[in-house]
Amino acid sequence: MVEKQLDHIPQRNNELVDYEIEKFRKLKNMDLKNKQILNLISLDGKVAIVTGAASGIGFATAKLLAEMGAIIGLVDIDESKGIDATDQIKKSGGKAEFFLCDVTSDFECKKTVEAIYKEFGKIDVLFNNAGVIKRKSVLDLNEKDWDLIIDVNLKSIYLLSRHVIPIMIKGGGGSIINTGSGWGIKGGPNAVAYCAAKGGVVNMTRAMAIDHGKHGIRVNCICPGDVDTPLLRDEAKQLGIDEETFMKEAAERPLNRVGSPQDIANAVLYLASDLSSWVTGTSIIVDGGGLA
Ligand code: NAD
């Protein structure tokens, strides 16, 4: 737009001086605008916890938040992948540490949050993202797997939040982002515990937003559609479907492709940053139109 306005180059000398002054003024203003936009989306100096950070959506998000200036506590139960993910972020200039933690254990969640607080001095963002899925109905799911799905996808949000929120209150606020799913809004076949857990995440998000808004803590949920990660590809295995056919079917949606972890990370960045300063208690569906 500004470039277009600058297209016309004046001919006379005095006009040329005016033109240069005007051009400088416009570029200066543009620079100011860019700085304002960057300020809104920057996470400079913020401390963010990302769970399930060793893989897929969690890793892409940890990377992006680090690129935007945040110090990241990567949390995962998979130690070797977690360390590898952390090293990759550090190598590209990000600040990050790995914390081995089973998010279904209150003891481990407490220990991890205390360690992150001790190391970085505050916590501004909590991305509750660790997840697992079993593609089974009520008739074939055993009790152990029911508990696992509910504990990793739902209970972990309660466990981590109960230790993080007091720290956020001390720090004057924060942003909690929970990973739901399209299947937290509508049901899906052979995924009964997962649908129950994700439906719980969506409504728990609303309840948490109501409780903690008075302390400047925003709580939102991100609901991805099918995203190309190990979790999605493992579903094909669980269902006994050829992976290529499964992924092709998953791409059948208005935008005609499955999501990338980056697609979800971008939306998490919005919710983590000041761009979303008046957004709380909501679920953002990021699914290429799958639920449309
Ligand atoms: P992923 O398998 O790539 O990553 C999940 C991560 O969670 C893994 O690194 C795993 O080690 C970790 N994890 C599992 N159990 C844990 C535990 N007890 N403690 C700590 N970490 C644990 O999967 P993803 O697709 O990136 O999934 C991330 C989130 O997105 C999940 O909550 C998932 O339900 C949700 N989601 C994914 C899709 C999709 O299509 N991929 C769609 C909707 C929602």
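Residues numbered from 1 in each chain as written. Predicted model: local features only at pLDDT ≥ 70, side-chain atom pairs only at ≥ 80, totals over all residues. Heavy atoms only, no water.

Visitor: Teacher, can you tell me more about the pairing of strand 6 (residues 217-224) here?
Guide: Two faces, one strand: in a regular strand the side chains alternate between the faces of the sheet. Of all eight residues making up strand 6, eight are buried, and the element is well covered by its neighbours. Side-chain alternation along strand 6 places Ile217, Val219, Cys221 and Cys223 on one buried face and Arg218, Asn220, Ile222 and Pro224 on a second face that is also buried. Both strand 5 (residues 174-179) and strand 6 contribute to a ladder of six bridges, which runs parallel. Bridging from a neighbouring strand, Gly174 pairs with Ile217 of strand 6. (Buried < 20%, exposed > 50% of the residue type's maximum accessible area, 1.4 Å probe, protein only. Helix = DSSP H or I, 4+ residues; strand = E, 2+ residues; numbered from the N terminus. Pairing = 2+ DSSP bridges.)

Visitor: Sorry, what's going on with the nonpolar core here?
Guide: Across soluble globular proteins, you tend to see nonpolar side chains buried next to one another. Core analysis: the biggest nonpolar cluster contains 33 residues, and Leu65, Ile72, Leu74, Ile177 and Ile222 have the highest contact counts within it. Beyond its immediate sequence surroundings of up to four residues, Ile222 is in contact with Phe127, Ile177, Asn178, Thr179, Gly180, Ser181, Ile264, Ala267, Val268, Leu271, Ile284 and Val286. In this structure, Val103, Leu126, Leu160 and Ile167 belong to the second largest nonpolar core, which totals 31 residues. (Core = buried A, V, L, I, M, F, W, Y, C linked by side-chain atoms within 4.5 Å. Contact = heavy atoms within 4.5 Å.)

Visitor: Got a minute to help me understand the domain arrangement of the protein chain in this structure?
Guide: It is common to give the size of an interface as the accessible area lost on bringing the parts into contact. Split into domains, the protein chain comes out as domain 1 (1-41) and domain 2 (44-286). Taking the mean C-alpha position of each, domain 1 and domain 2 sit 42 Å from one another. (Domains from an automatic or database assignment.)

Visitor: What should I look at first to understand helix 7 (residues 192-212) in this one?
Guide: Along an α-helix, residues three or four apart share an orientation, since each turn contains 3.6 residues. Along its 21 residues, helix 7 runs 30 Å from first to last C-alpha, staying within 8% of the 30 Å computed at 1.5 Å per residue. Taken residue by residue, helix 7 has Ala193, Tyr194, Cys195, Ala197, Lys198, Val201, Val202, Met204, Thr205, Met208, Ala209 and His212 as its buried positions. Lining the buried residues of helix 7 we find helix 6 (143-171), strand 5, strand 6 and strand 7 (283-286). (Expected span 1.5 Å × (residues − 1).)

Visitor: Help me understand the pattern of salt bridges, please; the structure alone is not making it clear to me.
Guide: In this structure the tally under the stated criterion is twelve salt bridges. Residue Glu97 pairs with Lys90 through a salt bridge whose shortest N-O separation is 3.4 Å. Overall, the relative accessible area of 28% leaves Glu97 in the partly exposed class. Take Lys90: its relative accessible area is 38%, and that puts it in the partly exposed class. Note that Glu114 and Lys110 form a salt bridge whose closest N and O atoms lie 3.0 Å from each other. Of this pair, Glu114 and Lys110 both sit in helix 5 (residues 106-120), separated by four residues, roughly a single helical turn. In this structure Glu114 comes out as partly exposed when scored by relative accessible area, which is 44%. The class for Lys110 is partly exposed, based on a relative accessible area of 39%. One network of salt bridges, with partners in common, ties together Asp228, Arg233 and Glu243. (Salt bridge = Lys/Arg side-chain N within 4 Å of Asp/Glu carboxyl O.)

Visitor: What am I meant to see in the packing of helix 8 (residues 230-239) against helix 9 (residues 243-250) here?
Guide: Each pair of packed helices gets described by two things: the angle between the helix axes and the distance between those axes. Across the interface, helix 8 lies against helix 9 with an axial gap of 9 Å and an inter-helix angle of 120°. The orientation of helix 8 relative to helix 9 falls into the category oblique. Crossing angle aside, the handedness with which helix 8 passes helix 9 is right-handed. Note on element contacts: helix 9 touches helix 8 through Glu243, Phe246 and Met247, opposite Leu232, Arg233, Glu235, Ala236 and Leu239. Classifying every residue of the contact of helix 8 with helix 9 by side-chain character gives five nonpolar, no polar and three charged. (Axes fitted to C-alpha atoms, helices over the stretch in contact; angles between N-to-C directions. Parallel < 35°, antiparallel > 145°, perpendicular 65-115°, else oblique. Left-handed = near helix turned anticlockwise from the far one by under 90°. Nonpolar A, V, L, I, M, F, W, Y, C, P; charged D, E, K, R; others polar.)

Visitor: So what exactly am I meant to see when it comes to the pairing of strand 4 (residues 125-128) here?
Guide: Residues of strand 4 alternate between two faces, with Val125 and Phe127 on one and Leu126 and Asn128 on the opposite face, all of them buried. Two strands pair when backbone bridges link them, and strand 1 (residues 47-51) and strand 4 are joined in this way by three bridges, in the parallel orientation. Bridge pairing links Ile49 to Leu126 in strand 4. Bridge analysis of strand 4 against strand 5 gives four bridges, and the strand direction is parallel.

Visitor: Would you take a moment to explain unusual backbone geometry for this structure?
Guide: Negative phi characterises most residues that are not glycine, and trans characterises most peptide bonds. Positive phi, normally seen in glycine, also occurs at Asn190, with a value near 50°. By secondary structure assignment, the location of Asn190 is in the loop between strand 5 and helix 7. Note on Asn190: relative accessible area 38%, which makes it partly exposed. You will see that Asn256, though not glycine, has its phi angle at about 60°, which is positive.

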